[in-house]
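# Coordinates in review
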Amino acid sequence: MPTVLHVAGFRVMIYLPPREHGPPHVHVWCDDSQITVWLGEGDEAPSIERNVGMYGRRLCAAYRLIDNNLEYLREQWRKYHG
């Protein structure tokens, strides 16, 4: 599972086949907390699918990180998943 982005204590990872599945999404880790974020398509905004212990400012910062790097993360997903 490669780390495709590492910023301000956040690690954004894409799990690899055969374990991983669509739709396109990333796993964002910070310390022991994690969110799973669907990347959406086209003009669709990313959405948080799963949250394990990430709240408040940390959650907002993680979402902004994904939203600000959305096209790059979509490209990374395609790189590993076609």
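Provided above is the structure to which this section pertains.
Summarised in this report is the structure supplied together with it. (Residues numbered from 1 in each chain as written. Predicted model: local features only at pLDDT ≥ 70, side-chain atom pairs only at ≥ 80, totals over all residues. Heavy atoms only, no water.)

Residue position: Gly42 is located in the loop between β4 (33-38) and β5 (47-52). Spatially, the C-alpha atom of Gly42 lies 9.4 Å from that of Glu71, the residues being 29 residues apart in sequence. (Helix = DSSP H or I, 4+ residues; strand = E, 2+ residues; numbered from the N terminus.)

With respect to the helices and strands, His25 occurs in strand β3 (residues 25-30). As for His25 and Thr36, which are separated by 11 residues in sequence, their C-alpha atoms are 6.8 Å apart. Ignoring any residue separated from it by four or fewer positions in sequence, one finds His25 in contact with Ile14, Glu20, Thr36, Val37, Trp38, Leu39 and Trp77. Of note is the side chain of His25, whose polar atom sits 3.5 Å from the side chain of His27. (Contact = heavy atoms within 4.5 Å. Polar contact = N/O pair within 3.5 Å; in protein donor to acceptor, adjacent residues only side chain to side chain.)

This paragraph deals with the environment of Ala45. Along the chain, Ala45 falls in the loop between β4 and β5. Between the C-alpha atom of Ala45 and that of Met1, which follows or precedes it by 44 residues, the distance is 24 Å.

Geometrically, the link from Gly22 to Pro23 is a cis peptide bond, its omega value of 0 degrees lying close to zero. Structurally, Pro23 is set in the loop between β2 (10-13) and β3. You will see that Asp31, though not glycine, has its phi angle at about 55 degrees, which is positive. Among the secondary structure elements, Asp31 is positioned in the loop between β3 and β4. Relative accessible area serves as the criterion here: at 57%, Asp31 is assigned to the exposed category. (Buried < 20%, exposed > 50% of the residue type's maximum accessible area, 1.4 Å probe, protein only.)

Before going further, it helps to examine the pattern of salt bridges. Applying the stated criterion across every chain, the model contains two salt bridges. Between Asp31 and Arg58 there is a salt bridge, with the nearest N and O atoms lying 3.1 Å from each other. Placement of the pair is Asp31 in the loop between β3 and β4 and Arg58 in helix α1 (residues 56-68), with a sequence separation of 27 residues. Arg74 is paired through a salt bridge with Glu71; the nearest N and O atoms lie 2.7 Å apart. Highlighted residues: Arg74 and Glu71, both in helix α2 (residues 70-81), separated by three residues, approximately one helical turn. Judged by its relative accessible area of 6%, Arg74 falls in the buried class. (Salt bridge = Lys/Arg side-chain N within 4 Å of Asp/Glu carboxyl O.)

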